[in-house]
Amino acid sequence: MNPYVFTVLLSSLGLGTTLTFASSHWLLAWMGLEINTLAIIPLMAQHHHPRAVEATTKYFLTQATAAAMIMFASTTNAWITGEWDMNSMSNPVASTVIMAALALKIGLAPMHFWMPEVLQGLDLSTGLILSTWQKLAPFALIIQTAQAVDPMLLTALGALSTMVGGWGGLNQTQLRKILAYSSIAHMGWMIIVLQYAPQVTLLALGTYIFMTSAAFLTLKTSSATKINTLSMAWSKNPILVATTALVLLSLGGLPPLTGFMPKWLILQELAKQHLPITATIMALAALLSLYFYLRLCYAMTLTISPNTTNSTTPWRTQTTQPFLPLTVSTTIALGLLPLTPTILMLAT
C-alpha cells in the first residue's frame, strides 16, 4: 500500500476514535464510529485475497448494522426526551438497543459470530488493529451509557461472553480464531464489572491491549497462523518462544504475570458486591480459556525433538519486523503484577 494512503488511513482511525472519545452528543459519537469503520476497511481489503474481501464485507455489514441501531436508538431517545446528550438516556428501550449495538460492535456474545470469521480472513497487522484499537471507541460509549442500562443485561452479556470465548476456542487450530475467542472472553470480563467499578474495567482493557499486542506481534515475527507452524518456531528463535509461552499464560490469567491482575481485581469486586455465584461462574469460565492457552504453550515448548511434527522447519532468515513494539508490549504483558497497589492508588 502507498505510504501516503496508509498514513491517511491510520490518521483517520485516530481521528474517529478521538472524535468519539471527546463527544457527549450522539451524532458526533456516531460520526466518529463511522470514520473508524471506513478507515479500517481499505486496510482489511488491501491484499485482494478472496478471504480478505469476504472478511471486509462481513465486517462492514455488521458495523453498518450496529451504527444504524445506534442512530435509531439515539434519535428515538431524542424524540422522547428532547435531548441528544449521552447522559440523558432516560428511555429504557433506547438504552437497551444502544447497548446491543455497541456489544455487536466489539463482538460480545451473543453478537460475536462475525468476530472469529473476520479475524481469520485478515493478516496479523490488521488483525491487531481490529482486536485492540477498534475496541476503544465503542468501549468509551459503553462506559458512558452503562449506568442507564439494566445491570442484569450487562451481567448476562459478560458471563455469556466469557463462556462462549472459552468454549469456542477449545477445538480451534487457527491462531487468529483462537485470539478472536480470547478477545470475546476478555470483553466479557470487562463488561461484567463495568457497573460496579469502571476504573477496573479500564485497567482490564489496558492490560488486554498490551497482552494481545504482544501475542499478535510475536505471531507476526514468527509468521505463524496455525498451531503446527508454531510448534517449529523454537528452532528459529528459542528466546522469543519462551517469552511467547509466558505471554499466553498471562492472557490466561496466571500469577505472577500481568494478566492475573485484572481477573483478581474483578473477582474481588464481584465478591464485594455480594455476587459469589457470578464470581464463581467467571472463575470457572477462565479455566476454559486457560486450557487452550496451555494447549498453545504445549505445542510451542513441549513438542520439540525427538517428537515429530507435520510442519516444515522454518527458514532461519532474519526478520524485518521492528522489535521495539514487541519488546515493550511483552515486558508490560509479563511484569506489571508487582505494581498492582500503585496502579490501584492511581485508579481510585
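Above this note sits the structure.
Quick caveat, the model's predicted, so the values are computed rather than measured. (Residues numbered from 1 in each chain as written. Predicted model: local features only at pLDDT ≥ 70, side-chain atom pairs only at ≥ 80, totals over all residues. Heavy atoms only, no water.)

## A word on the overall build of the protein chain
Part 1 of the argument: Helix and strand counts for the protein chain come out as 16 helices and zero strands.
Part 2 of the argument: Relative to a compact globule of 348 residues, whose C-alpha radius of gyration would be 20 Å, the protein chain shows 20 Å and is just as compact.
Part 3 of the argument: With respect to the principal axes defined by its C-alpha atoms, the protein chain has extents near 70 × 50 × 35 Å.
Part 4 of the argument: In the protein chain, which comprises 348 residues, the proportion classed as buried is 52%.
Part 5 of the argument: Here the contacts in the protein chain between residues at least 6 apart in sequence split such that 78% fall between residues at least 24 apart. (Helix = DSSP H or I, 4+ residues; strand = E, 2+ residues; numbered from the N terminus. Rg over C-alpha atoms; globule rule 2.2 N^0.38 Å. Buried < 20%, exposed > 50% of the residue type's maximum accessible area, 1.4 Å probe, protein only. Contact = heavy atoms within 4.5 Å.)

## A closer look at unusual backbone geometry
Part 1 of the argument: Of note, the amide linkage connecting A109 to P110 takes the cis form, showing an omega dihedral of 5°.
Part 2 of the argument: Looking at the secondary structure, you find P110 in the loop between α4 (92–106) and α5 (114–120).
Part 3 of the argument: Despite not being glycine, H48 shows a phi value in the positive range, around 55°.
Part 4 of the argument: Along the chain, the position of H48 falls in the loop between α2 (26–44) and α3 (50–81).
Part 5 of the argument: Residue classification places H48 among the exposed positions, given a relative accessible area of 68%.
Part 6 of the argument: For H274, which is not glycine, the phi torsion reads 60° and is therefore positive.
Part 7 of the argument: With respect to the helices and strands, H274 occurs in the loop between α13 (260–272) and α14 (276–301).

## So, the environment of W26
Part 1 of the argument: Assignment of secondary structure puts W26 in helix α2.
Part 2 of the argument: Residues W26 and T75, 49 residues apart in the sequence, show an inter-C-alpha distance of 8.6 Å.
Part 3 of the argument: Not counting the four nearest positions on each side in its chain, W26 is found in contact with I70, S74, W84, D85, M86, M89, I98, L141 and T145.

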